[in-house]
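Okay, here's what each chain looks like letter by letter:
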Amino acid sequence: MMNDYAEAHTQPESPLVQDLLKATISGLRYDDLVSGRITAGLLRLLVRLSGAKRVLDVGMYTGYSALSMAEVLPEDGEVVTLETNSKYASIGAPFLQSEPHGKKINLVMGPALESIQKLEGLFDLVFLDADKDRYPAYLELIKPRLRVGGVLVMDNAFWKGDVVEATSRKGASVHQTNTMLLNDPDFENVFLPVRDGIHVAIKLND
C-alpha cells in the first residue's frame, strides 16, 4: 500500500518512456526487470543534483533507466548503457534512438564485465542493475571508473529479502556487495528501503 501511494505521488515518466514500458510489456509479456517509476525518479533527481554529464548504466534491459536519465542530462551529456541480450536491446533500440535524447545514449552490447574494462574515462554517476551474482565483481570494476564525488546507485539491494539470510547465490552476492560499500572508507553510503532496496553511495576518495 505504501509503495502504491509513493508511486502515485511521484512524477510520472515522460510519454516516450511510458511508450517504451508498453513496448516492453507487449514484447516480453512481463516488466518485472524494469526499475520502475520511483527508482527512475530518484535517478533523474540524482543526475540533476550531482550535475552529472556522463552516466554508466550497467544492465540496460530495454532501456527504461537509460532513457529516463538521458532525458535530464545536458545536451552534451552521455549515457553509456550495457546489455548482453539482443532481444531486450531490439525492443528498446527505437526508443533509445529517438530525438532529442537518443544522441546522448551509447549502447554497448556484450558481457558487462568485459565491456566495463574497455571503457575509457570517468563517470559521474553509475546505475548498477545487472546480474546479481556478479555484483561484487561489478563494484570492483566500477569503483576506479567513478570520479571522486560521483554517485553509485545499486538496485535490488534487498534482493527480495534474501540478503538477510543469504540462502541463495544471488542473495549472498548482493549481501556481499552491500557490505563492501558499507566498509569501504572511499564511499559514503545510505541504504534506502525503497521497492526492492536501493543502495546509494558517493565516492569520497580515489
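Located above this text is the structure these notes cover.
Keep in mind the model is a prediction, meaning the values are calculated, not measured.

Break down helix α7 (residues 135-142) for me, citing the residues and quoting the values.
Because each turn of an α-helix spans 3.6 residues, side chains separated by three or four positions in sequence point in the same direction. Burial runs high along α7: 6 of the 8 residues are buried. Of all the residues in α7, the buried ones are Tyr-135, Pro-136, Tyr-138, Leu-139, Leu-141 and Ile-142. Buried residues belonging to α7 abut β1 (54-58), α6 (112-118), β4 (123-128), β5 (146-155) and α9 (169-183).

Before we move on, could you go through the packing of helix α2 (residues 15-28) against helix α5 (residues 86-96) and cite the residues and values that matter?
Direction vectors running N to C along α2 and α5 enclose 150°, while the axes themselves pass 10 Å from each other. Put simply, α2 runs roughly antiparallel to α5. Relative to α5, the crossing made by α2 is right-handed. Here α2 contributes Leu-16, Asp-19, Leu-20, Ala-23, Thr-24, Gly-27 and Leu-28 to the contact with α5, which in turn contributes Lys-87, Tyr-88, Ile-91, Gly-92 and Phe-95. Class assignment for the residues of the contact of α2 with α5 results in 7 nonpolar, 3 polar and 2 charged.

The rules we used
Residues numbered from 1 in each chain as written. Predicted model: local features only at pLDDT ≥ 70, side-chain atom pairs only at ≥ 80, totals over all residues. Heavy atoms only, no water. Buried < 20%, exposed > 50% of the residue type's maximum accessible area, 1.4 Å probe, protein only. Helix = DSSP H or I, 4+ residues; strand = E, 2+ residues; numbered from the N terminus. Contact = heavy atoms within 4.5 Å. Axes fitted to C-alpha atoms, helices over the stretch in contact; angles between N-to-C directions. Parallel < 35°, antiparallel > 145°, perpendicular 65-115°, else oblique. Left-handed = near helix turned anticlockwise from the far one by under 90°. Nonpolar A, V, L, I, M, F, W, Y, C, P; charged D, E, K, R; others polar.

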